[in-house]
Amino acid sequence: MYMKHTFLLVAAMLFLGQASAEAQNRVRLETDLSPTSFARQVEPLASGAVKYEEKGSVRKFSCEMEDLFFVQTVIVRRGSIVLGILDVDNFGMIDLNLETELGDRITRMRAGNVIRVYDFDTGRQLFFARLQPRN
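Right, let's walk through the structure included here. (Residues numbered from 1 in each chain as written. Predicted model: local features only at pLDDT ≥ 70, side-chain atom pairs only at ≥ 80, totals over all residues. Heavy atoms only, no water.)

**As for the pairing of strand β1 (residues 26-32)**
What counts, and what does not: Strand pairing is assigned whenever DSSP detects at least two bridges linking the two strands. Numbering of helices and strands starts at the N terminus; helices are DSSP runs of H or I of at least 4 residues and strands are runs of E of at least 2.
Both β1 and strand β3 (residues 47-55) contribute to a ladder of seven bridges, which runs antiparallel. Opposite R28, over in β3, you have E53 as the bridge partner. Pairing between β1 and strand β10 (residues 132-133): two bridges, direction antiparallel. Across the sheet, residue L29 finds its bridge partner in β10, namely P133.

Below you can see the structure in the form of structure tokens.
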């Protein structure tokens, strides 16, 4: 009986140690998109958010926006890297979802990285976001 309890205790400790290590290796960043002064003029109702998650070799990135009625196509960038070019749907929404397990290329992101959204036709910046750790 003593051996059985000792084994269970050791197995539980190993599991908790592994779960703790995975939590330490997990990166979760997110923030709301902030409009530029130009965006406040042309898209006063628009809003959105960005999220990035990394766990092991899997990376996920999403950028969602709504109430885009005067822009037809947007470019989502991190620095000089284009993350996506999307057409705004009939409901004024965009939804960019990338995942490395699906073959999407996503560069590693860290807290403080800036994501920018541009009007494809004019090249003017509409929104920006500085990624922050998720609580």
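What follows continues from the structure just given.
**Regarding the side chain of N113**
Put simply, the rule is: In the analysis that follows, any N or O atom pair within 3.5 Å is treated as a polar contact, provided that within protein one partner can donate a hydrogen and the other can accept it, and provided that, for residues neighboring in sequence, both atoms belong to side chains. A contact between two residues is defined here by any heavy atoms of the two lying within 4.5 Å.
For N113, the location among the structural elements is in the loop between β7 (94-99) and β8 (114-119). At a separation of 2.7 Å, a polar atom in the side chain of N113 contacts the main-chain amide nitrogen of R110. Discounting residues that sit within four places of it in the chain, N113 has contacts with R78, R108, A129, R130 and L131.

**Some remarks on the side chain of E54**
As for its placement among the helices and strands, E54 is situated in strand β3. Among the polar contacts listed, one links the side chain of E54 to the side chain of Y52, at a separation of 2.5 Å. With sequence-adjacent residues up to four places away left out, E54 is seen in contact with N25, R26, V27, R59, R108 and R110.

**Considerations on the nonpolar core**
What counts, and what does not: Only buried Ala, Val, Leu, Ile, Met, Phe, Trp, Tyr and Cys residues count toward a nonpolar core, and they belong to the same one when joined by side-chain atoms within 4.5 Å. Summary of the burial criterion: residues with accessible area below 20% of their type's maximum are buried, those above 50% are exposed, and those between are partly exposed, where the area comes from a 1.4 Å probe applied to protein chains only.
F61, C63, V76 and F127 are the most contacted members of the largest nonpolar core, which totals 29 residues. Those residues in contact with V76 that lie beyond four places of it in its chain are F61, C63, I81, V82, L83, G84, L86, L96, I115, R116 and V117.

**Description of the layout of surface pockets**
What counts, and what does not: Lining residues are defined by having an atom within 4 Å of a point belonging to a cavity or pocket. Those points lie on a 1 Å grid over the protein atoms alone, cavities being sets where a 1.4 Å probe fits but cannot get out and pockets being open sets with protein on both sides within 12 Å along at least five of seven lines. Grid points are joined across faces, edges and corners, and a volume is the space filled by probe spheres set on the points. Here the nonpolar group is Ala, Val, Leu, Ile, Met, Phe, Trp, Tyr, Cys and Pro; Asp, Glu, Lys and Arg are the charged ones; every other residue, Gly included, is treated as polar.
Considering only enclosed or pocket space, the largest pocket measures out at about 150 Å³ in volume. Lining the largest pocket are 13 residues, with K51, Y52, E53, K60 and S62 sitting closest to its centre. Elements supplying a minimum of two residues to the lining of the largest pocket: β1, β3, β4 (58-66) and β7. Of the residues assigned to the lining of the largest pocket, the class counts are four nonpolar, two polar and seven charged.

**Some thoughts on the packing of aromatic side chains**
To be explicit about the condition: Classification of ring pairs rests on two measures: the distance between centres of Phe, Tyr or Trp rings, Trp counted by its six-membered ring, which must be within 6.5 Å, and the angle between planes, read as stacked under 30 degrees, edge-to-face over 60 and tilted in between. Whether a charge sits over a ring comes down to the Lys NZ or Arg CZ being within 6 Å of the ring centre and within 35 degrees of the ring normal.
Applying the stated criterion across every chain yields a total of zero aromatic pairs. Sitting above the plane of the F38 ring, R124 keeps its charged end 3.9 Å from the centroid.

**Digging into the pattern of salt bridges**
Our working rule: Salt bridges, as used here, are contacts in which a Lys or Arg side-chain nitrogen is within 4 Å of a carboxyl oxygen on Asp or Glu.
Applying the stated criterion to the full structure yields five salt bridges. In this structure, the salt-bridge partner of R26 is E53, at a minimum N-O distance of 2.4 Å. In this pair, R26 sits in strand β1 while E53 sits in strand β3, placing the two residues 27 residues apart along the sequence. The shortest N-O distance in the salt bridge between R59 and E54 comes to 3.9 Å. Assigned by exposure class, R59 and E54 land together as buried.

**Some remarks on the sheet that holds β7**
Spatially, the five strands line up as an open sheet ordered β7-β4-β3-β1-β10, and their pairing is antiparallel. Pairing within the sheet leaves two strands with one partner each, and these edge strands are β7 and β10.

Coordinates in, geometry out; function isn't part of it.
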